[in-house]
Amino acid sequence: MRRMGAFFRKEMMELLRRKKLMIVGILFLLFGILGPATAKLTPEIIKMLGDSSVSGLTITAEDVTVMDSWIQFFKNLDIPMIVIIIMWSSAFTTEYRQGTLIPLVTKGLSRTDIYAAKMLMLHLVWTLGYLMYFGVVYGYNSYYWGNDGVKHMFVAILLNWLYGAFMMSLVGLFSAIAESGAQVMLGVGAVWFLCTLVGIVPKLADKLPTMLTDGMSLMRGVKSPGDYTIAVVITAVLTLAATFGGAVLMQRKKL
Amino acid sequence: MNLDQIKDYLPLLIPIVVIQFILLAYVLVHINTHKSYKRGTRTMWNIIAIVGMNYVGPILYFLLGKEED
């Protein structure tokens, strides 16, 4: 445990010195602002389109509600998440390439400690970033529209967090196999693509991890939290399997 | 847009402006305290950062100019 703590501190230093934390923070903050801003500006944009009177179309703007802003919340989340995955895709592989893990392992630091410290850091960054993102959107939404009509908000938020955690654990799993950052990205992308592909089958769609990103149905009250049970169980099992699978594969990884 | 509408948007605008200037300040300090860049010269990067201060300049510098320490 103490050894893992030491390695974790090294990871922390890297996070701060390479300005990774700053980039992730600014990204989540900006995309957090973007959601409510888009919702707020939509009527203005539609009005401008209507004024042009070139098309001859009459466009009537519907009133923007808090739901429009929450739609943006789930839509915009993709980009900061992809950026985190890209940034961390080389967290392990750069160290393999430069051979910087070899001295640590020969001095007695176990591979499990290395893996655990790196994964802990990744999950921490994702969780804190997501919390901040949610905080920003929640703040603006209650300021502009009020969050009263939103159902099961915290369940929806939690489900989406689990989906992100699943993606992060995939980064760990593929980092224990792959040789380069591109391979890690390819692996995570392939799993995501597979989920989307299988999701075309209507019977399977509500059992996949991608189901968890559909927080809007919960917030609108179309679905109840119970509808997500199977998806949550499957995602949790897959997340744990990927995490422990990565730890096991890490033992045999050529450093 | 009249003044009332702009007031309505202020809570959205202020953080965006603040982040913009923080980034600009950080990038300007970084440019002028480092001797070499991936490509380009100090004068060029100063001009790009200031002309494109609405996020474009700093992001360009991070992508194309800033050397890994």
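Residues numbered from 1 in each chain as written. Chains lettered and ligands numbered in written order. Predicted model: local features only at pLDDT ≥ 70, side-chain atom pairs only at ≥ 80, totals over all residues. Heavy atoms only, no water.

**Describing the packing of helix 3 (residues 66-76) of chain A against helix 7 (residues 111-144) of chain A**
When two helices pack together, you describe them by how their axes are tilted relative to each other and by the distance separating the axes. All names here are of chain A. Relative orientation of the contacting elements helix 3 and helix 7 amounts to 165°, with a least axis distance of 10 Å. Overall, the two elements helix 3 and helix 7 adopt an arrangement that is roughly antiparallel. Every pair of crossing elements has a handedness; the one defined by helix 3 and helix 7 is right-handed. Mapping the contact onto sequence places V66, S69, W70, Q72, F73 and N76 in helix 3 and Y130, Y133, F134, V137, Y138 and N141 in helix 7. In the contact of helix 3 with helix 7, the residues fall into 8 nonpolar, 4 polar and no charged. (Axes fitted to C-alpha atoms, helices over the stretch in contact; angles between N-to-C directions. Helix = DSSP H or I, 4+ residues; strand = E, 2+ residues; numbered from the N terminus. Parallel < 35°, antiparallel > 145°, perpendicular 65-115°, else oblique. Left-handed = near helix turned anticlockwise from the far one by under 90°. Contact = heavy atoms within 4.5 Å. Nonpolar A, V, L, I, M, F, W, Y, C, P; charged D, E, K, R; others polar.)

**Here we look at helix 2 (residues 42-51) of chain B**
Residue and element names in this part refer to chain B. Every buried residue of helix 2 is listed here: W45, N46 and A49. Here the buried residues of helix 2 occupy an arc of 105° about the axis, which is enough to place them on one side. Facing away from the buried side of helix 2 by more than 90 degrees, the exposed set consists of T43, I47 and V51. Buried residues along helix 2 sit against helix 1 (3-33) and helix 3 (56-65). (Buried < 20%, exposed > 50% of the residue type's maximum accessible area, 1.4 Å probe, protein only. Arc of directions from axis to C-beta.)

**So, the pattern of salt bridges**
Residue and element names in this part refer to chain A. Per the counting criterion, the structure on display carries 10 salt bridges over all chains. In this structure, E11 engages K10 in a salt bridge whose closest nitrogen and oxygen atoms are separated by 3.1 Å. Accessibility expressed as a relative area gives 5% for E11, which makes it buried. Notably, a salt bridge pairs K223 with D214, separated by 3.1 Å at the nearest N-O pair. Judged by relative accessible area, K223 falls into the partly exposed class, the value being 25%. Beyond isolated ion pairs, a larger network of salt bridges with shared partners links K10, E11, E14, R18, E95 and K118. (Salt bridge = Lys/Arg side-chain N within 4 Å of Asp/Glu carboxyl O.)

These figures come from the coordinates and say nothing about function on their own.
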